[in-house]
Amino acid sequence: MGDHHRAQVLVVGSGAGGSTTASVLAEAGFDVLVLEEGSRHPASTYGGTATDGMRKVYRNRGMLPILGTVPIGYVEGCCLGGSTEVNCGFWHRVPPEVALRWKARYDLEGCEPEQLEEHFAWAETQTHVSTWSAPLPPSTQVFARGIEGMGWRYQQVPRTVRGCRGDNTCASGCRCGAKQSMARTLIPTAESSGARFLTGCRAAMLLRKGRRITGVLAELTHDDGSSSLTRIEADHVFVCAGPTQTPALLRRSGIKYHVGDTLRIHPMLKVGARFPEAIDAHKSVLPLLQVKEFWPELSIGGAFFSAGHLAMLLSENWTRTSHVMSDLRRFGTWYVAVKGNGRGSVRPSFFGEGSPVIRYELSDEDLRQLSRGLARLASLLLAAGASEVYPSVQGMPVIDSRVDAVRWLDDLLPRSAVSLTTVHAFSSCPVGERKDRCAADSYGRVFGFDGLNINDASMLPDSPGVNPQGTIMALARRNALRFAADHG
Ligand SMILES: Cc1cc2nc3c(=O)[nH]c(=O)nc-3n(C[C@H](O)[C@H](O)[C@H](O)COP(=O)(O)OP(=O)(O)OC[C@H]3O[C@@H](n4cnc5c(N)ncnc54)[C@H](O)[C@@H]3O)c2cc1C
């Protein structure tokens, strides 16, 4: 395994940000060691049941509540490759308007569309971003029918896949290896350039000498389940532990300036819809289209679907709705996601370990957009031929007419009854030159410290309004190249 007690560059976390950092810096000739809290899983062990996947590759077995007046269910990956192992691989570049806003509001250098072009192009090559070329699965076809019925704009979203067979295992790890997650792409590239990956190793605290970060104190889990603490020295540390763990680690280490105070998410409301015909959504790739008509404030698309996901959605009104479970083949699930202009926070747990406390206050604007989004999504699904739409809102009757659907253009969903989820979190340590708003400079160098960088979802200045992996990888590569140029 080599000497894991010292590295020139220590990267904490092996997800989208950490693997990009490790691969770019190892290729540039740096001695790179990556610490990953989760385990390494070969593709052959992926794709079991949802519960098996939750236990194996998710943090806290998929139970990470975001607290607030409206609690929100959140999940993130905890394994080699991070959340890229369990995500759907939908790929977007940051919309030009958003990037320009980041310049205007945070004075983020080097983020104009032309400056990011080469970094997106690189990331798209590494992860084989491509569109589906086989006939569209029925759950996508009915969605397309509905969008066309409404006369709206849409796009087939490219994904990070190569040779996807559509066997519906994205969320518990792609068993056929088609999804081009970090474990399939940049981690092998980084390893072939000499980077070392140490799994089962959780960074507990950053080590400091005055204002210089000198390494981490890490908790190493051994094969027999026991654990020990070890000091790992480094010239430079990149914290890439994701949007909730990066601020938690920094704050545990006494680094608090604009850290963990500005968490943003894309709040998401799901609905189930029953069609007259079988669409077998549980057996195919998730619906591949997103409605662009109301974007980036509002995004409408298809959600990952299994019997368990349908049961969870129906459980909001179980006594009335459980009987439709037997109609699984005629169901699919869809979502409306909003850009999210509420604000949240991340704080480490009181005793310095365990899950951080994550909060997000759903804004009135979020609720208004979710209500309008439900009106539009339900109208679309009814236009596609669905007989009923089942929103994940406690006490709400099924929507079976377009008049019932459009009332949510004007009315507000009941705050106390909506059941929301998210898989997109970011902006807990925003970057930019505005020291009054940011935790680190435009290239992720944490203000007030030497040898400390952040390079993951936590650095996005605020909500991108689109699936974030592409933007995280493009910014992370840009920052790593800048670091290499400064220290080469
Ligand atoms: C179910 C799901 C579906 C999604 N779908 C999409 C999609 O279709 N398209 C898209 O663009 N995005 C999607 N996302 C979001 C996307 O995957 C994330 O935004 C992205 O992976 C975040 O990158 P990151 O590097 O910040 O964090 P992660 O990729 O989550 O990686 C962080 C890593 O750090 C490790 N870590 C944390 N703390 C420590 C510590 N103290 N010590 C050592 N290691 C630590 C974690 O175990 C993890 O492996 C989805 C996410 C999920 C969960």
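No experiment lies behind these values; they were computed from the predicted model shown.

## Quick word on the domain arrangement of the chain
Logical step 1: As assigned here, the chain comprises domain 1 (6-40 + 79-87 + 92-126 + 181-263 + 426-487) and domain 2 (138-170 + 267-422).
Logical step 2: Averaged C-alpha coordinates put domain 1 and domain 2 at centres separated by 30 Å.
Logical step 3: Approximately 1800 Å² of surface area, both sides summed, lies buried where domain 1 meets domain 2, with 52% of it carried by carbon and sulfur atoms.
Logical step 4: The interface formed by domain 1 and domain 2 contains one salt bridge.
Logical step 5: Close ionic contact of Arg 347 with Asp 261 constitutes a salt bridge, the shortest N to O distance being 2.7 Å.
Logical step 6: The interface formed by domain 1 and domain 2 includes eight residue pairs in polar contact (both at pLDDT 80 or more).
Logical step 7: Those elements giving two or more residues to the side of domain 1 that touches domain 2 turn out to be α3 (96-106) and α7 (245-252).

## Some words on the nonpolar core
Logical step 1: Ranked by internal contacts, the top residues of the largest apolar core, which has 73 residues, are Val 32, Leu 206, Val 216 and Val 237.
Logical step 2: Per-element tally for this core: the top contributor is helix α12 (residues 469-487), with eight residues.
Logical step 3: In contact with Leu 206, other than residues within four places in its own chain, are Ile 213, Gly 215, Val 216, Val 237, Val 239, Leu 249, Leu 250, Ser 253, Ile 255 and Leu 452.
Logical step 4: Listed in part, the 52 residues of the second largest apolar core include Val 336, Tyr 360, Leu 362 and Val 389.

## Digging into helix α4 (residues 113-126)
Logical step 1: Look at α4: 20 Å from first C-alpha to last across 14 residues, which is about the 20 Å you get at 1.5 Å a residue.
Logical step 2: Those residues of α4 lying buried are Leu 116, His 119, Phe 120, Trp 122, Ala 123 and Glu 124.
Logical step 3: On its buried face, α4 sits against α1 (16-27), β5 (129-130), α6 (186-192) and α12.
Logical step 4: Residue His 128 follows α4 closely and has a positive phi angle near 50 degrees.

## Focus: the site of the ligand
Logical step 1: Surrounding the ligand, one finds 39 residues, the nearest of these being Gly 17, Glu 36, Ser 83, Phe 90 and Gln 469.
Logical step 2: The contact in question runs from a nitrogen atom of the ligand to an N or O atom on the backbone of Glu 37, over 3.1 Å.
Logical step 3: Take Gly 82: an N or O atom from its main chain is 3.5 Å from an oxygen atom of the ligand.
Logical step 4: Here the ligand, which alone exposes 1000 Å², has 97% of that area covered by the protein.
Logical step 5: Among the secondary structure elements, those contributing two or more residues to the shell around the ligand are α1, β2 (32-36), β9 (201-209) and α12.
Logical step 6: Residue contributions to the shell around the ligand peak at three residues, all from β9.
Logical step 7: The class makeup of the residues in the shell around the ligand is 19 nonpolar, 15 polar and five charged.

## What to know about the state of the cysteines
Logical step 1: If you walk through the whole model with that rule in mind, you get zero disulfides.
Logical step 2: Cysteine Cys 79 shares no disulfide, and the gap to the nearest cysteine sulfur, in Cys 78, comes to 7.0 Å.
Logical step 3: Taking the relative accessible area as the measure of exposure, Cys 79 reaches 0% and is therefore buried.
Logical step 4: With no disulfide of its own, Cys 176 has Cys 174 as its nearest cysteine by sulfur position, at a separation of 3.8 Å.

## Examining unusual backbone geometry
Trans peptide bonds make up the majority, and among non-glycine residues the majority have a negative phi.
Logical step 1: Note that the residue after Trp 295, namely Pro 296, is joined by a cis bond; omega there is 5 degrees.
Logical step 2: Position of Pro 296 among the secondary structure elements: in the loop between β14 (289-291) and β15 (298-302).
Logical step 3: You will see that Asn 60, though not glycine, has its phi angle at about 55 degrees, which is positive.
Logical step 4: Mapping Asn 60 onto the fold places it in the loop between α2 (50-57) and β3 (64-66).

## Looking at the pairing of strand β11 (residues 227-239)
Logical step 1: Of the pairings in the sheet, the one linking strand β1 (residues 6-12) to β11 comprises six bridges and is parallel in character. Within β11, the residue paired with Leu 10 across the bridge is Val 237.
Logical step 2: Pairing of strand β10 (residues 212-221) with β11 involves seven bridges; the strand directions are antiparallel. Its bridge partner being in β11, Gly 215 is matched across the sheet by Glu 233.

## What about the packing of α4 against α12?
Helix-helix packing: each pair is described by the crossing angle between the helix axes and the interaxial distance.
Logical step 1: α12 packs onto α4 with a crossing angle of 115 degrees between their chain directions and a minimal axis gap of 8 Å. With respect to α12, the axis of α4 lies roughly perpendicular. Crossing of α4 over α12 shows right-handed handedness. Judged by residue contacts, Leu 116, Glu 118, His 119, Phe 120, Trp 122 and Ala 123 of α4 engage Gly 470, Thr 471, Met 473, Ala 474, Leu 475, Arg 477, Arg 478 and Leu 481 from α12.
Logical step 2: For the contact of α4 with α12, a count of residues per class yields eight nonpolar, three polar and three charged.

Quick notes on the rules
Residues numbered from 1 in each chain as written. Predicted model: local features only at pLDDT ≥ 70, side-chain atom pairs only at ≥ 80, totals over all residues. Heavy atoms only, no water. Domains from an automatic or database assignment. Buried area = accessible area lost by both parts, 1.4 Å probe. Salt bridge = Lys/Arg side-chain N within 4 Å of Asp/Glu carboxyl O. Polar contact = N/O pair within 3.5 Å; in protein donor to acceptor, adjacent residues only side chain to side chain. Helix = DSSP H or I, 4+ residues; strand = E, 2+ residues; numbered from the N terminus. Core = buried A, V, L, I, M, F, W, Y, C linked by side-chain atoms within 4.5 Å. Buried < 20%, exposed > 50% of the residue type's maximum accessible area, 1.4 Å probe, protein only. Contact = heavy atoms within 4.5 Å. Expected span 1.5 Å × (residues − 1). Near = heavy atom within 4 Å. Areas by Shrake-Rupley, 256 points an atom, 1.4 Å probe, with all protein chains shown as cover. Nonpolar A, V, L, I, M, F, W, Y, C, P; charged D, E, K, R; others polar. Disulfide = S-S within 2.5 Å. Pairing = 2+ DSSP bridges. Axes fitted to C-alpha atoms, helices over the stretch in contact; angles between N-to-C directions. Parallel < 35°, antiparallel > 145°, perpendicular 65-115°, else oblique. Left-handed = near helix turned anticlockwise from the far one by under 90°.

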